[in-house]
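# Coordinate inspection notes
Chain by chain, the residues run as shown.
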Amino acid sequence: MNHSSQMSCTPSEVDLGGETRCLEAPLEIINPIQQPEWDAQLVSHPDYTFFHGAAWVNVLCATYRHKPLYFGLRGAGRGWGLLPVLEVDSRLTGRRGVSLPFTDECLPLSFATVRYEHLLNKVIEYGKARNWNYLECRGGGNLVAGIPASITFFGHTLDLLASEKALFERFESSVRRAIRKAENAGVQVEISVTLDALRTFYSLHCQTRKKHGVPPQSWAFFLNIYEHILSKNMGVVAVAKSRHTPIAAAVFFHLGAKAIYKYGASDVAFQHLRGNNLMMWEAAKWYARQGGSSLHFGRTSIMNEGLRRFKLGFGTVEKKIEYFKYDFRKAKFVTDRDKSTGPLNALFRWMPLPLARRFGAFLYRHLS
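Here goes a summary of the coordinates provided. Remember, predicted model here, so these are calculated numbers, not experimental data.

Reading guide: rules and limits
Residues numbered from 1 in each chain as written. Predicted model: local features only at pLDDT ≥ 70, side-chain atom pairs only at ≥ 80, totals over all residues. Heavy atoms only, no water. Helix = DSSP H or I, 4+ residues; strand = E, 2+ residues; numbered from the N terminus. Rg over C-alpha atoms; globule rule 2.2 N^0.38 Å. Buried < 20%, exposed > 50% of the residue type's maximum accessible area, 1.4 Å probe, protein only. Areas by Shrake-Rupley, 256 points an atom, 1.4 Å probe, with all protein chains shown as cover. Axes fitted to C-alpha atoms, helices over the stretch in contact; angles between N-to-C directions. Left-handed = near helix turned anticlockwise from the far one by under 90°. Contact = heavy atoms within 4.5 Å. Polar contact = N/O pair within 3.5 Å; in protein donor to acceptor, adjacent residues only side chain to side chain. Pairing = 2+ DSSP bridges. Phe/Tyr/Trp six-rings, centres within 6.5 Å; stacked < 30°, edge-to-face > 60°. Lys NZ or Arg CZ within 6 Å of the ring centre and 35° of its normal. 1 Å grid on protein atoms, 1.4 Å probe; cavity = no way out; pocket = protein on both sides within 12 Å on 5 of 7 lines; lining within 4 Å. Points joined across faces, edges and corners; volume = space filled by probe spheres on them. Nonpolar A, V, L, I, M, F, W, Y, C, P; charged D, E, K, R; others polar.

## Some details on the overall build of the protein
For the protein, the helix and strand inventory stands at 11 helices and 15 strands. Taken over C-alpha atoms, the radius of gyration comes to 21 Å for the protein, in line with the 21 Å a tight globule of 368 residues would show. For the protein, the spread of C-alpha atoms along the three principal axes comes to 65 × 45 × 35 Å. In the protein, buried positions account for 52% of the 368 residues. Total accessible area on the protein is roughly 16,600 Å²; 51% of this is exposed by carbon and sulfur atoms.

What follows is the structure, given as structure tokens:
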């Protein structure tokens, strides 16, 4: 990969698995937005995800004006390590490094002779110099001994390398019945990349966020998704309709042969028609027909057993996604809590949607 800048590094004072020395190689800071061949080279790594790609960092930077700092470290031969980070600088919540904001999972990518703790030590040194409050990494803590998970989620992945018949037979009987019920009720799913489809999704998204007591992301955020992802054929919108009425919708992203279900929404009044089940099945078939190898169902809170069961019902493989967080003031890795629920949920459930949208447009930049 090409590199935009370099900085030297002094040995870290943070003990990661007993390793405190720093490699002679300089830490290289890369901006994927400025690298035309970034995605083409990225997909050669077996652990890449859509979120490592240039499209996602384009969306985040265009919407929230964060600074991309993708830290690279060379090892011997072709060895290479990469930790994608955005620097969030907020007058309300301080300065910090996040890998990456609004991302389900973003594992560090390592090659051959590079050890992750060497790269992590250098990033921590950089964060000290920049007066970060903390460094949060959404995955990869298990690569270094002794780092506690700050928070844990479930992740579920569906293997698409099978016939449609074999895929369907993997589903639990309750999921198969729900899909057939939706089909028999005349529910139809449209998969497209149009702005109109995204608008339909956003309307349902705002309703769903209100139900859960969470402010919706801004329409500007989704317009950037359209510009940098959907219009570049790196994602699709699936809309389930009953008699021309949208009852469920979802946004999917993809890079190479890997796809992920990123955002979903539905009208609770039509829940009995099982539009969500049919929508996920139609999306899985669509990606399989395009040559996709896997469909990730996104992260799930360990407290949300209902959503976990929904995703497991599709024959997915479950794993734990562990985040970790280094607190610079305490000079150690710390635990955190799942902030998906809390005292503010009741407030946002009560709040009129136009006001909640204004709050979301303001808050998400500071909460990245």
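## A word on the packing of helix H2 (residues 54-64) against helix H7 (residues 219-228)
Packing of H2 against H7 brings their axes to within 9 Å, and their N-to-C directions diverge by 145°. The handedness of the crossing between H2 and H7 comes out as right-handed. Together, Ala55, Trp56, Asn58, Val59, Leu60, Ala62, Thr63 and Tyr64 of H2 and Ala220, Phe221, Asn224, Ile225 and His228 of H7 make up the contact between the two elements.

## Details of the side chain of Ser218
Take Ser218: it is sitting in the loop between helix H6 (195-212) and H7. Separated by 3.1 Å, the side chain of Ser218 and the backbone nitrogen of Phe221 make a polar contact.

## What about H2?
Taken across its 11 residues, H2 has nine buried, putting it largely inside the fold. Residues of H2 that are buried include every one of Ala54, Ala55, Trp56, Val57, Val59, Leu60, Cys61, Thr63 and Tyr64, and no others. Trailing H2 by a residue or two, Arg65 shows a phi angle of about 60°, which is positive.

## Structural notes on unusual backbone geometry
In this structure, Leu100 follows Ser99 across a cis peptide bond, with omega equal to -15°. Within the element layout of this structure, Leu100 appears in the loop between strand S5 (94-99) and strand S6 (109-111). The backbone of Arg243 shows a phi angle near 50°, a positive value even though the residue is not glycine. Looking at the element boundaries, Arg243 is found in the loop between strand S10 (235-242) and strand S11 (245-255).

## Considering the pairing of strand S8 (residues 151-159)
The element S8 is largely enclosed, with a buried count of seven among its nine residues. Of the pairings in the sheet, the one linking S8 to strand S14 (residues 317-327) comprises seven bridges and is antiparallel in character. By the bridge assignment, His156 is partnered in S14 with Glu318. Inspection of the sheet shows S8 paired to strand S13 (residues 294-301) by six bridges, in the antiparallel sense. Bridge assignment links Asp159 to a residue of S13, and that residue is Ser294.

## Brief notes about the packing of aromatic side chains
Within this structure, the stated rule accounts for 32 aromatic pairs. Ring geometry for Tyr64 and Phe102: centres 5.2 Å apart, planes at 40°, overall tilted. Remark: Phe102 occurs in the loop between S5 and S6 and Tyr64 occurs in helix H2; sequence separation between them is 38 residues. An identical accessibility class is assigned to Tyr64 and Phe102; each is buried. Pairing Tyr126 with Trp132 gives two aromatic rings, centres 5.8 Å apart and planes at 65°, and the pair type is edge-to-face. Accessibility assignment for this pair places Tyr126 and Trp132 in one class, buried. Lying across the ring of Tyr48, Lys258 places its NZ or CZ 4.3 Å from the centre. Above the face of the Phe153 ring, Arg299 is positioned so that its terminal group lies 4.2 Å from the ring centre.

## Things to note about the layout of surface pockets
In this structure, the second largest pocket spans a volume of roughly 350 Å³. Tyr48, Thr49, Glu105, Lys258 and His296 are, among the 17 residues lining the second largest pocket, the residues nearest its centre. Looking at the lining of the second largest pocket, the elements with two or more residues in it are strand S12 (258-266), S13 and S14. If you tally residues by element for the lining of the second largest pocket, the top one is S12, at three residues. Within the lining of the second largest pocket, the residues separate by chemical class into eight nonpolar, four polar and five charged.

## Some thoughts on the packing of H6 against H7
Closest axis-to-axis distance for the H6/H7 pair is 11 Å, and the angle between their directions is 145°. Relative to H7, the crossing made by H6 is right-handed. Residues Leu195, Leu198, Arg199, Phe201, Tyr202 and His205 of H6 form the contact with H7, whose own contacting residues are Trp219, Phe222, Leu223 and Tyr226. Its residues placed into classes, the contact of H6 with H7 shows eight nonpolar, one polar and one charged.

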